[in-house]
Amino acid sequence: MEKQFTVKNPQGIHARPAGAIMKKASEFAATQVSLELNGRKISAKSITGVLTLGMKAGDTVTVSAEGEQAEQAVEAVGAVIESVLD
């Protein structure tokens, strides 16, 4: 399961939203939750990985998940990506 989401936070994905993404991804039993941007794919369950993607406002990020609860994980992580967290 995969779906694209747009970063809406004017400051992009910095430490606080990256932590929220990692926390949300870790709540699901999906064996793998990934983020992909500009050909780079990382685990959404790794705060370091999330930060190294360098997601900026307006970027379109692909969220994918495999395993149990994959669809719910993609939607929940996507909602965090599209939210505006300070």
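It should be noted that the structure appears before, not after, this text.
Residues numbered from 1 in each chain as written. Predicted model: local features only at pLDDT ≥ 70, side-chain atom pairs only at ≥ 80, totals over all residues. Heavy atoms only, no water.

Draft legend 1. Fine view of the overall build of the protein. In terms of regular secondary structure, the protein is built from three helices and four strands. Along its sequence from the N terminus, the protein presents helices and strands in the succession β-α-β-β-α-β-α. Scaling as 2.2 N^0.38, a compact globule of 86 residues should have a C-alpha radius of gyration of about 12 Å, and the protein matches this with 11 Å. With the C-alpha coordinates aligned to their principal axes, the bounding extent of the protein is approximately 35 × 25 × 20 Å. Buried positions account for 42% of the 86 residues belonging to the protein. Here the analysis covers contacts within the protein between residues at least 6 apart in sequence; of these, 70% occur between residues at least 24 apart. Carbon and sulfur atoms provide 48% of the accessible area of the protein, an area that totals close to 4500 Å². Counting 9 positive and 10 negative side-chain charges, the protein places the centres of these two groups 6 Å from one another. (Helix = DSSP H or I, 4+ residues; strand = E, 2+ residues; numbered from the N terminus. Rg over C-alpha atoms; globule rule 2.2 N^0.38 Å. Buried < 20%, exposed > 50% of the residue type's maximum accessible area, 1.4 Å probe, protein only. Contact = heavy atoms within 4.5 Å. Areas by Shrake-Rupley, 256 points an atom, 1.4 Å probe, with all protein chains shown as cover. Lys, Arg positive; Asp, Glu negative; His and termini not counted. Charge placed at Lys NZ, Arg CZ, Asp CG, Glu CD.)

Draft legend 2. Summary view of the nonpolar core. Core analysis: the largest hydrophobic core is formed by 26 residues, its most contacted members being Ile21, Val33, Leu35, Val50, Met55, Val77 and Ile81. At the level of elements, helix 1 (15-26), strand 2 (32-37), strand 4 (60-66) and helix 3 (70-82) are the ones that each hand at least two residues to this core. For this core, the element with the most residues is helix 3, which contributes seven residues. (Core = buried A, V, L, I, M, F, W, Y, C linked by side-chain atoms within 4.5 Å.)

Draft legend 3. Spotlight on the sheet that holds strand 4. An order of 1-4-2-3 is seen for the four strands of this open sheet, with the pairing classed as antiparallel. Strands at the two margins of the open sheet, each flanked by one partner only, are strand 1 (2-6) and strand 3 (40-43). Strand-to-strand twist in this sheet, taken as the mean axis angle between neighbours without regard to direction, amounts to 25 degrees. The sheet contact formed by strand 1 and strand 4 spans five bridges and is antiparallel. Within strand 4, the position partnered with Thr6 by the bridge is Thr60. (Pairing = 2+ DSSP bridges. Axes fitted to C-alpha atoms, helices over the stretch in contact; angles between N-to-C directions.)

Draft legend 4. Fine view of the packing of helix 1 against helix 3. In contact at an axis separation of 9 Å, helix 1 and helix 3 are set at 170 degrees when each is read in the N-to-C sense. The orientation of helix 1 with respect to helix 3, classified from their angle, is roughly antiparallel. Contacts from Pro17, Ala20, Ile21, Lys24 and Ala25 of helix 1 reach helix 3 at Ala76, Val77, Val80 and Ile81. (Parallel < 35°, antiparallel > 145°, perpendicular 65-115°, else oblique.)

Nothing here speaks to function; it is geometry throughout.
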